[in-house]
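Results of the structural survey
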Number of protein chains: 2
Amino acid sequence: MAATNASGTSAVRYGIMRDQVRDMEVVLADGMVIHTGSLAAKSSSGYNLNGLFVGSEGTLGIFTELTLRIHGISEHTLAARASFQTLDESVQAVISLLQAGIPIARVELVDEESMKQINRYSETDYPEGPTLFLEFHGNKEGLKQDVALTKELMDDHHCSALHFESDTAAMNRLWEARHHVAYAYIHNHQGKKQMVTDVCVPISEMSGAIRDARKAVEASGLPGGIVGHVGDGNYHIILMVDPENREDLQQADKVNEHIVTYALERGGTCTGEHSVGVGKKKYQEKEHGDALLVMRKLKQALDPNGILNPGKVLP
Amino acid sequence: MAATNASGTSAVRYGIMRDQVRDMEVVLADGMVIHTGSLAAKSSSGYNLNGLFVGSEGTLGIFTELTLRIHGISEHTLAARASFQTLDESVQAVISLLQAGIPIARVELVDEESMKQINRYSETDYPEGPTLFLEFHGNKEGLKQDVALTKELMDDHHCSALHFESDTAAMNRLWEARHHVAYAYIHNHQGKKQMVTDVCVPISEMSGAIRDARKAVEASGLPGGIVGHVGDGNYHIILMVDPENREDLQQADKVNEHIVTYALERGGTCTGEHSVGVGKKKYQEKEHGDALLVMRKLKQALDPNGILNPGKVLP
């Protein structure tokens, strides 16, 4: 399990995935079976093993059972699509929404190129500019007021088209289009392979980061675009590469390296939700500094023979 | 820092304290200084040291700097006070509110005896039955609808008096009364010492737990009452004891032991927010089982000479 929220769901209203875990049954390296938490909503008893084990990518123990927090289904749900002239204005619009304290359930950014891929694949005719996909949860009257304020804020950022959906079928179509963006790129670039980056920056750095990411894509010469869980400052670059073409692979790596460095220099993280695995081991020292020594001690204490998912997470 | 939410604030809407921590500067046993997180809203990079260190009570490192998540101030805030005939109905009313998905910002239970102590100390004239103190955050129209549904649900549980406050001074008076309940007991029982218990149970067990806790107070013969952060299933018994009277001290310990055992047998925790310290070391094995061995390994790995807050948390 990754330590993050479900794809396409912003942490703004419900928090990240890690915070939803009440308890886990974990099999340790020596075969011992433990529980990491309890069924209580909060606890200050002992060390917080939920916190340590969630996101450890199988390197500290194997999870055999999870108990998760549940949330009630909201009385009303509304989805929206907002198109902008520039990427920068779409990001600024999200920041305004967050600062206004509107309890958005999801907010996803899809850039111009990715909207084109969506239209081609999903046979939709959404405006092909930088677009926000939004979802609001709440009671009926509260949502009306949230929608009114959202319209005002979108206007302030020169939103060129704002469209709300309240019936379930239309909302599902909207989110299906968003969720198929990765498949759209694959379908529209037969024979190429997809590479996806994943960084997360502080919200205050998001605008510059995404502007910079767009430049990096263009400089690479590769087909690609940006999609972001922008309520959290987390975004991905999707790049299409020819796996036989060394130049393509080098360009893709260069983009990845570039946005990771950008994020780390601004207090962000090298991976928001895709985890470290093997590919991001090389950034662990730069991101964590001496804290990496602590992580090594923890691994050594819990898996002294290195038998759990060896070679992952720690360089 | 305790691993929990601020006193009187339920985790229902904003999550527990632990989830608000973005980063900490920590001095380790060997003098090394590390950072446990980043400024990003989410990360899946390396082990989640925030999760491990928050709530470790100074036994794994010393915190010298914290970076916390901030929340916008809601457009509107409303406070309410709801009185009931029985403790059980007040708890059932909270469960109904939670199940209805009303995003309550705070919900606090104060039992009949504690309401009497409040009135005597704060010179208020609140009805002296089991009482809920509530706070709602949101936009104006949304709150109206939340209030209407709350009224209905309180009626269903035979609420005898429901009073809303929207002006700041009246809201402050209400919360001040609630926050002074501990002082009220001390002031009204000169020469006695206060003992406060702290357990947290799953919401589904809360009704039975609080009924049982009330019986335990009565059986003890000590002056005392129950106050609870009931949105989380977390509650306290306040008992007034004569520190020179061995019988008093034994009765208080018996109550504590009783409610901890009750909570642990139902998937709860021996401490919701007051932490382990020395007093709850004896329950760690019962609560955590073999996971306690993991906690010991972590302590050994990070503080092999046992110099950090020695004798705390782990038995």
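Residues numbered from 1 in each chain as written. Chains lettered and ligands numbered in written order. Predicted model: local features only at pLDDT ≥ 70, side-chain atom pairs only at ≥ 80, totals over all residues. Heavy atoms only, no water.

With that settled, the discussion passes to the overall build of chain A. Secondary structure summary: chain A contains eleven helices and eleven strands in total. In terms of overall dimensions, chain A is globule-like: its C-alpha atoms have a radius of gyration of 21 Å, near the 20 Å expected for 315 residues. The buried share among the 315 residues of chain A stands at 55%. Put simply, of all contacts in chain A between residues at least 6 apart along the chain, 72% involve residues at least 24 apart. For chain A, the accessible area works out to roughly 12800 Å², and carbon and sulfur atoms hold 49% of it. Looking at charge distribution, chain A has the averaged site of its 30 positive side-chain charges lying 3 Å from that of its 42 negative ones. (Helix = DSSP H or I, 4+ residues; strand = E, 2+ residues; numbered from the N terminus. Rg over C-alpha atoms; globule rule 2.2 N^0.38 Å. Buried < 20%, exposed > 50% of the residue type's maximum accessible area, 1.4 Å probe, protein only. Contact = heavy atoms within 4.5 Å. Areas by Shrake-Rupley, 256 points an atom, 1.4 Å probe, with all protein chains shown as cover. Lys, Arg positive; Asp, Glu negative; His and termini not counted. Charge placed at Lys NZ, Arg CZ, Asp CG, Glu CD.)

Apart from glycine, the bulk of residues carry a negative phi angle, and the bulk of peptide bonds sit in the trans form. Residues and elements named next belong to chain A. Here the phi dihedral of Glu123 falls at roughly 55°; this positive angle occurs in a residue that is not glycine. Mapped onto the elements of the fold, Glu123 is located in the loop between α4 (112-122) and β6 (131-138). Residue class for Glu123 comes out exposed when judged on its relative accessible area of 74%.

What follows covers the packing of aromatic side chains. Ring pairs (aromatic) are described by centroid distance and by the angle formed between their planes. Residues and elements named next belong to chain A. Taken as a whole and assessed by the stated rule, the structure comprises six aromatic pairs over all chains. Between the aromatic rings of Phe133 and Trp175, the centroid separation amounts to 6.2 Å while the plane-to-plane angle is 45°, which identifies the pairing as tilted. Here Trp175 lies in helix α6 (residues 168-179) and Phe133 lies in strand β6, a separation of 42 residues in the sequence. The exposure classification of Phe133 matches that of Trp175, with both residues buried. Ring pairs connect the aromatic residues Tyr126, Phe133 and Trp175, which therefore count as one cluster. Positioned above the aromatic ring of Tyr262, the side-chain terminus of Arg266 is 3.5 Å from the ring centre. (Phe/Tyr/Trp six-rings, centres within 6.5 Å; stacked < 30°, edge-to-face > 60°. Lys NZ or Arg CZ within 6 Å of the ring centre and 35° of its normal.)

Attention now goes to the sheet that holds strand β2 (residues 33-35) of chain B. Residue and element names in this part refer to chain B. Spatial ordering of the open sheet is given by β2-β1-β3, a layout of three strands whose pairing is antiparallel. Single-partner strands in this sheet number two, and they are β2 and β3 (62-68). Each strand of the sheet is rotated relative to its neighbour by a mean of 15°, with strand direction disregarded. Relative to β2, strand β1 (residues 21-27) runs antiparallel, the two sharing three bridges. Looking at β2, one finds that Val26 is bridged to Ile34. (Pairing = 2+ DSSP bridges. Axes fitted to C-alpha atoms, helices over the stretch in contact; angles between N-to-C directions.)

With respect to the helices and strands, the residue Thr269 of chain A is situated in the loop between α9 (246-265) and α10 (284-288). Residue class for Thr269 of chain A comes out buried when judged on its relative accessible area of 0%. Here the side chain of Thr269 of chain A touches Glu287 of chain A through a polar contact of 2.8 Å, side chain to side chain. One polar contact links Thr269 of chain A to Ser43 of chain B, side chain to side chain, over a distance of 2.8 Å. Ignoring anything within four residues of it in the chain, the contact list for Thr269 of chain A reads Val199, Cys200, Ala263, Leu264 and Glu287 of chain A together with Ser38, Ala40, Lys42, Ser43 and Ser45 of chain B. (Polar contact = N/O pair within 3.5 Å; in protein donor to acceptor, adjacent residues only side chain to side chain.)

Next up on the list: the state of the cysteines. Two cysteines whose sulfur atoms are joined by a covalent bond form what is called a disulfide. Under the counting rule described, the total for this entry stands at zero disulfides over all chains. You can see Cys200 of chain A has no disulfide; the closest cysteine sulfur is in Cys270 of chain A, sitting 11 Å from it. (Disulfide = S-S within 2.5 Å.)

All names here are of chain A. Spatial strand order, β2-β1-β3: three strands in an open sheet with antiparallel pairing. Two strands bound the open sheet, and with one partner strand each, they are β2 (33-35) and β3 (62-68). In this sheet, neighbouring strand axes are inclined to one another by 15° on average, regardless of whether the strands run parallel or antiparallel. Strand direction decides the pairing type here: strand β1 (residues 21-27) and β3, joined by six bridges, are antiparallel. Paired with Glu25 across the strands is Glu65, a residue of β3.

For the rest of this paragraph, the subject is the interface of chain B and chain A. Often, the extent of an interface is quoted as the loss of accessible area on bringing the components together. In this assembly, 73 residues from chain B lie in contact with 73 residues from chain A. Considering only the side of chain B, the residues that lose the most area to chain A are Lys42, Ser44 and Tyr47 of chain B, jointly responsible for 17% of the buried surface there. Remark: the boundary between chain B and chain A carries six salt bridges. The interface formed by chain B and chain A contains 37 residue pairs in polar contact (both at pLDDT 80 or more). Among the elements of the structure, α1 (11-14), β2, α2 (49-53), α5 (140-156), α10 (284-288) and α11 (291-302) of chain B are those that each provide at least two residues to the side of chain B that touches chain A. (Buried area = accessible area lost by both parts, 1.4 Å probe. Salt bridge = Lys/Arg side-chain N within 4 Å of Asp/Glu carboxyl O.)

On to the pattern of salt bridges, then. Taken as a whole and judged by the stated rule, the model has 26 salt bridges over all chains. Measuring nitrogen to oxygen at the nearest pair gives 3.8 Å for the salt bridge that ties Lys297 of chain B to Asp30 of chain A. One end of the pair, Lys297 of chain B, is in helix α11; the other, Asp30 of chain A, is in the loop between β1 and β2, on a second chain. On the accessibility criterion, Lys297 of chain B (36% relative accessible area) is partly exposed. The structure contains a network of salt bridges with shared partners spanning Lys42 of chain A together with Asp232 and Glu273 of chain B.

All names here are of chain B. With respect to the helices and strands, Ser90 occurs in helix α3 (residues 87-99). For Ser90, a relative accessible area of 0% corresponds to the buried category. Along the sequence, Ser90 and Tyr14 sit 76 residues apart, while their C-alpha atoms lie 23 Å from each other. Other than its neighbours up to four places away in sequence, Ser90 contacts Phe84, Leu109, Pro130 and Leu132. A polar contact is formed between the side chain of Ser90 and the backbone oxygen of Leu87, at a distance of 2.6 Å.

Summarising the element assignment, Gly231 of chain A is placed in the loop between β10 (224-229) and β11 (234-241). The spacing of Gly231 of chain A and Leu97 of chain A is 134 residues in sequence and 9.1 Å in space, taken between C-alpha atoms.

Here the focus is the environment of Val196 of chain A. All names here are of chain A. With respect to the helices and strands, Val196 occurs in strand β8 (residues 193-196). Assessed through its relative accessible area of 36%, Val196 is described here as partly exposed. Between the C-alpha atoms of Val196 and Asn256, which are 60 residues apart in sequence, the distance is 8.6 Å. Ignoring any residue separated from it by four or fewer positions in sequence, one finds Val196 in contact with His236, Ile237, Ile238 and His274.

Attention now goes to the domain arrangement of chain A. Each assigned domain of chain A is listed here: domain 1 (1-72), domain 2 (76-180) and domain 3 (189-286). Summarising the inter-unit geometry, the C-alpha centres of domain 1 of chain A and domain 3 of chain A are found 27 Å apart. (Domains from an automatic or database assignment.)

Moving on to the relation of the copies chain B and chain A. For these two chains of identical sequence, chain B goes onto chain A by a turn of 180° and a shift of 0.0 Å along the axis, with RMSD 0.0 Å. With respect to symmetry, the two chain copies, as superposed, fit the operation of a two-fold axis. Closest approach to the rotation axis within chain B is made by the C-alpha atom of Gly142 of chain B, at a distance of 1.6 Å. When the interface residues of chain B are mapped onto chain A, 100% of them again fall at the interface, so both copies present the same face. (Least-squares fit on C-alpha atoms with pLDDT ≥ 70 in both.)

On to the packing of α3 of chain B against α5 of chain B. All names here are of chain B. Relative orientation of the contacting elements α3 and α5 amounts to 145°, with a least axis distance of 9 Å. Considering how the two elements wind past one another, α3 and α5 form a crossing that is right-handed. Contacts between α3 and α5 involve Ala93, Ser96 and Leu97 from the first element and Thr150, Leu153 and Met154 from the second. Of the residues in the contact of α3 with α5, the class split is four nonpolar, two polar and no charged. (Left-handed = near helix turned anticlockwise from the far one by under 90°. Nonpolar A, V, L, I, M, F, W, Y, C, P; charged D, E, K, R; others polar.)

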